[in-house]
Amino acid sequence: MTDEAAARVASHRLRARWLVVALAMLALAMAAGMLFGAKSLPPSDVLRSLVGSSSHGKQPLDAVIVRSIRLPRVLLAGLVGGVLALAGAAYQGVFANPLADPYLLGAASGAEVGATIAIAYAPAAWSVNSVPVAAFLGSIAAVAAAVVLGRSVRAGRSTTVLILAGVAIAAFLTAVETYVQQQHQAAIRLIYSFILGRLGTAGWSGLKLVLPYALVAAIVILLHRRHLDVLSLGDDEAASLGIRVARVRLILVAAATLATAAAVAIAGTIAFVGIIVPHTIRLITGGSYRTILPLSIIVGAAFLILADLVARTAVAPAELPIGVITALIGAPFFVVLLRRSRVVAQ
Amino acid sequence: MSRKIFIIAIVLFAATACAAKKTPVAPTPTPSAAAVAYPQQITTSAGLVTIPKKPERIISLSATATQMVFAVGAGRQVVAVDQYSTYPTNAPRTKLSGFQPNIEAITGYRPDLVLIESDQGGLVKSMNALHVPVLVLPAAKDLSGTYDQINELGRVTSHVDGAQRLVSNMRHEIAQIVTSVPKASNLSIYHELDQTYYTATSATFIGQIYKMFGLTDIADKAGLTKNSGYPQLSSEYIVSADPQLIVLADTVCCKQTKASVAARPGWSKIAAVQHDEVIPVDDSLASQWGPRIVDYVRLVAGVVTHAESVYKAT
């Protein structure tokens, strides 16, 4: 990287102030997530349950609720929120498109088709645990297909072609999904409960499944934070600065997709987190990915923990689908965002 | 983005699809045992339906309506039923669907009466344009709703006697089964509709069956009519409510078993799991409101009797 380019991005170093604010938000969200729930427990009991060491069989009911149900749910919401926000930020950088979200290239529709096909056609002997695996593979396959299709076109290095390929793949998969569902009405309940999200049922095992992919993706994407800043200068500029644009783009898409696929396979397709969190951070802190990426993880985690807290307490002991909460906040925000971006365009 | 909201809407709908909608059945003019006169006029939720003559080519696109029609003795007048009408087994099952009705395929059977659960895709309007009456028979809200629908089908198909006999047999049998079981001493129950903890309160059709046995539905805390009586509960609440009976009405749709329930985080603490009072049932038996509900009531009676003895011993 030339000195000039270095100078252009150096002013955007992650400020400690923002990091502290974000971490405080996350800590507050986690504390609230642990303290409130369908079963009201005094804070002292929650704390005692968390630090208590009795073996599972002998635990009192409160401890079971705190350790086996509430804690994994809060952690999974945080992990999924962080992953989706990070992947969303990466996609927005890669495609230089503010409306990009982690599902842009078909990660969500691929997962839905995978799950739908597994639910409708898997032999009865297979357990329902095969569904997340199918969703994960479907998600990866859909994005891979979009990338291959996008690159096969002659002008294949442009992001527009890739996005259009993703749109085509997503439309095709949605059609397949609708067809299979229509042929298997009896399975529709299970399919929709899968798509709508299952933060509340995944437990520790779900957390363990997502974590490795999330870590790999986070490391890869964070290592490329400078590249994303350079990419935002435009492809030609980036290439002239010695960045292998196509290769960097592929690596970032692969990493973001891996994490998104794992999150979707376990927690369902949760909308808006991947768009609104990175944009909020961008609006507040400025445009550098060296700030946006790490803060997206932290704020995304805090946001989804709080959204899930609302989902499970607003009408307790009943639940609201988490997608309703994120969309209720996300949709108005989206409108504001669109208005702003139009102002910018003018 | 609107698609996500659409999906949410669909799911909320699906969760309440079997929700009770009050059937505005016409005031029953104490039908005499005499032959029925045609044309008949029936007031339904979809408006006034005129049955010009005794139907001889009935199509049923609702599994429950199929059971009712056969049970009142009008089975011979049925020419086609949908793919989910698996009972009785001799019903003329076809590929027809009540969810995505294909007007042309339906018309191909030259029906003179179509029975459906809900008016999907403007079926009523389309069939009326072809002068084929359509009777919408939505999920009954309670047993008397079931009896009303059976009597209505009896009148429409000219099997008034059969319908009356069926209803009085059902009433009698259910009363007998319920009284044969001592009122449950406040046993609590959780009726599971899917593995994300959608359930039914005691305001629903199935919930009222449990109520007859004196069972306490843990979903009632969520508000009787929350989500039309089919709320989604949190795992945390279910574990802390500690139900003594768990009925799994998601064994077919969602492949849930005693083992998968016991393996859920924290659920091994629940009384029903510890005392092996987790009862897998056939999803469709637990979601239909037809004559076979008597079988379900009998099943519940057995479950309650067993649970009573188990919990009394502890």
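Residues numbered from 1 in each chain as written. Chains lettered and ligands numbered in written order. Predicted model: local features only at pLDDT ≥ 70, side-chain atom pairs only at ≥ 80, totals over all residues. Heavy atoms only, no water.

Asks: Any chance you could break down empty space enclosed by the protein for me, citing the residues and the numbers?
Replies: Rolled over the atoms, a probe sized like a water molecule indicates the empty space that remains. Applying the stated criterion across every chain, the model contains eight cavities of 30 Å³ or more. If you go around the largest cavity, you meet 20 residues; those closest to its centre are G197, R198, E319 and P321 of chain A together with Q232 of chain B. When contributions to the lining of the largest cavity are tallied by element, the ones reaching two or more residues are α8 (188–196), α9 (199–223) and α14 (289–313) of chain A. Here the lining of the largest cavity is built from residues that sort into ten nonpolar, six polar and four charged. (1 Å grid on protein atoms, 1.4 Å probe; cavity = no way out; pocket = protein on both sides within 12 Å on 5 of 7 lines; lining within 4 Å. Points joined across faces, edges and corners; volume = space filled by probe spheres on them. Helix = DSSP H or I, 4+ residues; strand = E, 2+ residues; numbered from the N terminus. Nonpolar A, V, L, I, M, F, W, Y, C, P; charged D, E, K, R; others polar.)

Asks: I'd like a rundown of the pattern of salt bridges, residues and numbers included.
Replies: Applying the stated criterion across every chain yields a total of ten salt bridges over all chains. When the shortest N-O distance is used, the salt bridge between R70 of chain A and E236 of chain B registers 2.4 Å. With R70 of chain A in helix α4 (residues 61–94) and E236 of chain B in helix α8 (residues 235–241), this pair bridges two chains. Here E236 of chain B falls in the buried class, since its relative accessible area comes to 5%. Connected through shared salt-bridge partners, R73, D308, R312 and E319 of chain A make up one network. (Salt bridge = Lys/Arg side-chain N within 4 Å of Asp/Glu carboxyl O. Buried < 20%, exposed > 50% of the residue type's maximum accessible area, 1.4 Å probe, protein only.)

Asks: Which residues make up the pairing of strand β5 (residues 113–116) of chain B, and what values go with them?
Replies: All names here are of chain B. Neither face of β5 is open: one carries L113 and L115, the other V114 and I116, and all of them are buried. As defined by bridge partners, strand β3 (residues 58–60) adjoins β5 across three bridges and the pair is classed as parallel. Of the residues in β5, the one forming a bridge with I59 is V114. Inspection of the sheet shows β5 paired to strand β6 (residues 134–136) by three bridges, in the parallel sense. Bridging across to β6, I116 finds its partner in V136. For the handedness criterion, the β-α-β arrangement of β5, helix α4 (residues 123–129) and β6 is classed as right-handed. (Pairing = 2+ DSSP bridges. Right-handed = clockwise from strand over helix to strand, strands pointing away.)

Asks: Can you explain the sheet that holds strand β7 (residues 188–192) of chain B? Please cite residues and give values.
Replies: All names here are of chain B. Across the sheet, four strands lie side by side as β8-β7-β9-β10; this open sheet has parallel pairing. On the outer flanks of this sheet lie β8 (216–217) and β10 (278–280), each paired with one strand and no other. Pairing analysis gives four bridges linking β7 to strand β9 (residues 245–248), with the strands arranged parallel. Across the sheet, residue H191 finds its bridge partner in β9, namely V247.

Asks: Which residues make up the sheet that holds β3 of chain B, and what values do they have?
Replies: Residue and element names in this part refer to chain B. Taken in spatial order, the four strands of this open sheet run β4-β3-β5-β6, and their pairing is parallel. Edge positions in the sheet fall to β4 (78–81) and β6, since each has one partner strand and no second. With direction set aside, neighbouring strand axes in the sheet form an average angle of 20°. With respect to the sheet, helix α2 (residues 63–72) is in contact with β3, β4 and β5, its orientation differing from that of β4 by roughly 160°. Most of the contacts of helix α5 (residues 143–157) go to β6, to which it runs at about 170°, and overall it touches β3, β5 and β6. (Axes fitted to C-alpha atoms, helices over the stretch in contact; angles between N-to-C directions. Contact = heavy atoms within 4.5 Å.)

Asks: Go over α14 of chain A with me, naming the residues and quoting the values.
Replies: Residue and element names in this part refer to chain A. Here α14 spans 35 Å end to end across 25 residues, near enough to the 36 Å set by a 1.5 Å rise per residue. Burial analysis of α14 places 21 of its 25 residues in the buried class, the great majority of the element. Two or three places before R290, at the opening of α14, S288 has a side-chain oxygen 3.0 Å from that residue's backbone nitrogen. (Expected span 1.5 Å × (residues − 1). Polar contact = N/O pair within 3.5 Å; in protein donor to acceptor, adjacent residues only side chain to side chain.)

Asks: Give a description of the packing of aromatic side chains that names residues and reports values.
Replies: Residues and elements named next belong to chain B. Counted by the stated rule, this structure contains five aromatic pairs over all chains. Look at Y197 and W267: their rings are 5.2 Å apart centre to centre, the planes differ by 25°, and that puts the pair in the stacked class. Taken as a pair, Y197 in the loop between β7 and α7 (205–212) and W267 in the loop between α9 (258–262) and α10 (271–274) lie far apart in primary sequence, 70 residues in all. Grouping residues by exposure puts Y197 and W267 together as buried. Taken together, the aromatic side chains of Y190, Y197 and W267 make up a single cluster linked through ring pairs. Residue placement shows R264 over the ring face of W267; its charged tip is 4.5 Å from the ring centre. (Phe/Tyr/Trp six-rings, centres within 6.5 Å; stacked < 30°, edge-to-face > 60°. Lys NZ or Arg CZ within 6 Å of the ring centre and 35° of its normal.)

Asks: Describe in detail the interface of chain B and chain A, supporting the description with residues and values.
Replies: The interface is formed by 39 residues belonging to chain B together with 50 residues belonging to chain A. Together chain B and chain A conceal approximately 3800 Å² of surface at their shared face, both sides included; 66% is due to carbon and sulfur atoms. Along the contact surface separating chain B from chain A lie one salt bridge. For the pair chain B and chain A, the interface holds five residue pairs in polar contact (both at pLDDT 80 or more). Here the element with the most residues in the side of chain B that touches chain A is helix α1 (residues 2–16) of chain B; it accounts for six residues. Residues that form the side of chain B that touches chain A fall into these classes: 19 nonpolar, ten polar and ten charged. (Buried area = accessible area lost by both parts, 1.4 Å probe.)

Asks: Just give me the short version of the domain arrangement of chain B, but keep the residues and values in it.
Replies: Residues and elements named next belong to chain B. Parsing chain B into structural domains produces domain 1 (40–170) and domain 2 (181–313). Between the C-alpha centres of domain 1 and domain 2 the distance comes to 30 Å. Each partner contributes residues to the interface: domain 1 has 18 residues there, and domain 2 has 13 residues. Roughly 1200 Å² of surface becomes buried between domain 1 and domain 2 when both sides are summed, with 67% attributable to carbon and sulfur atoms. Summed over the three residues of domain 1 that lose the most area to domain 2, namely T64, Q67 and L143, the buried surface amounts to 37% of that side. Viewed at the interface, domain 2 and domain 1 are joined by zero salt bridges. At the boundary of domain 1 with domain 2, the tally comes to four residue pairs in polar contact (both at pLDDT 80 or more). Of all elements in the fold, only α2, α5 and α6 (160–180) reach the threshold of two or more residues within the side of domain 1 that touches domain 2. (Domains from an automatic or database assignment.)

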